[in-house]
Amino acid sequence: MRIDVITIFPDYLNPLREALLGKAIERERISVGVHDLRDWTHDVHRAVDDSPYGGGPGMVMKPDVWGEALDEVCAPQEATPRLVVPTPAGRPFDQKTAVRWSNDPWLVFACGRYEGIDQRVIDDAATRMPVEEVSIGDYVLVGGEVAALTMIEAVVRLLPGVLGNPLSAEQDSFSDGLLEGPCYTRPEVWRDRPVPDVLRSGNHAAIARWRRDQALERTFHRRPELLAALPEGDLDKADRKQ
Ligand SMILES: Nc1cc(-c2ccc3ccn(Cc4ccccc4)c3c2)n[nH]1
């Protein structure tokens, strides 16, 4: 997978070079290009923003600069990129989206700042490539870089050969529609708190049942709407006793 990120703060994307994602780059599972939007300005001030038409607070990112940047970064090659535009006004990003995008050959992230990017940039790009305006949650960030890092991590960890233990991606929270239950490791007792006996019983059926019950209970208390969204028949008889 190729990933390109366009931003006025390229150093914000340095964490991509660390740890798991850094290893994925070293192993050439992904290639990452980070581009400074100001490289496509032509004025002495390298301006990327201007006042909003219609008035209002803040500034809007200029369409001409973004247009030239996207023309170059997304220039047609053997694959067509999916353009991802983080925004508080976007469709919610979720695990299903991460799984869908993990099959793409090329993702380009357009990271805005200020009050956002002139809408005509998105509308123009959509005539040449799939474009998705996406939110990572109902809270307001200052720019798109943190959202891009979040989504890139969620997608790249799903690629074969990236995670040390591929099973953990399959057993993710949300992969079965439920939240992850609690996890434990040594010591067996810590500050007078023992590990639940069932986890040391060696009875794998009982362990699986306990873990499922914990996931159901946690989902019921913290995210009840996820239970309502479970596909018909996903809750088996044993679950209904919960
Ligand atoms: N889930 C999520 C995404 C963002 C996000 C993404 C990109 C940008 C670009 C500029 N801003 C600041 C902004 C503040 C308010 C209204 C509009 C834009 C951004 C915020 N916030 N929260």
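In case you missed it, the structure is sitting above this.
Quick caveat, the model's predicted, so the values are computed rather than measured.

About the cut-offs
- Residues numbered from 1 in each chain as written.
- Predicted model: local features only at pLDDT ≥ 70, side-chain atom pairs only at ≥ 80, totals over all residues.
- Heavy atoms only, no water.
- Near = heavy atom within 4 Å.
- Polar contact = N/O pair within 3.5 Å; in protein donor to acceptor, adjacent residues only side chain to side chain.
- Areas by Shrake-Rupley, 256 points an atom, 1.4 Å probe, with all protein chains shown as cover.
- Helix = DSSP H or I, 4+ residues; strand = E, 2+ residues; numbered from the N terminus.
- Nonpolar A, V, L, I, M, F, W, Y, C, P; charged D, E, K, R; others polar.
- Pairing = 2+ DSSP bridges.
- Axes fitted to C-alpha atoms, helices over the stretch in contact; angles between N-to-C directions.

**Q** Which parts of the structure should I look at to understand the site of the ligand?
**A** Lining the immediate environment of the ligand, one finds 16 residues, of which Ser135, Ile136, Gly137, Tyr139 and Leu141 sit closest. At 2.9 Å, a backbone N or O of Leu141 approaches a nitrogen atom of the ligand. In isolation the ligand exposes 480 Å². Once the protein is present, 86% of that is buried. For the shell around the ligand, the element with the highest residue contribution is strand β5 (residues 82–92), accounting for 3 residues. By residue class, the composition of the shell around the ligand is 8 nonpolar, 6 polar and 2 charged.

**Q** Sorry if this is basic, but what is going on with unusual backbone geometry here?
**A** As a rule of thumb, non-glycine residues mostly have phi less than zero, and peptide bonds are mostly trans rather than cis. A cis amide bond links Arg186 to the next residue, Pro187, at an omega of 5°. Mapped onto the elements, Pro187 comes out in the loop between α6 (166–170) and β8 (189–190). Positioned with a positive phi, Arg46 is a non-glycine residue whose angle comes to about 55°. If you trace the backbone, Arg46 turns up in the loop between β2 (31–36) and β3 (49–50).

**Q** Whenever I open this one, the sheet that holds strand β6 (residues 106–110) confuses me. Can you help?
**A** Strand pairing in a sheet takes place through backbone hydrogen bonds and is either antiparallel or parallel in direction. With respect to topology, 5 strands assemble into an open sheet ordered β2-β1-β6-β5-β7, the strand pairing being parallel. Only two strands of the sheet have a single neighbouring strand rather than two, namely β2 and β7 (131–135). On average, each strand axis in the sheet is inclined to that of its neighbour by 30°, with strand direction left out of account. Relative to β6, β5 is paired through 3 bridges, and the arrangement is parallel.

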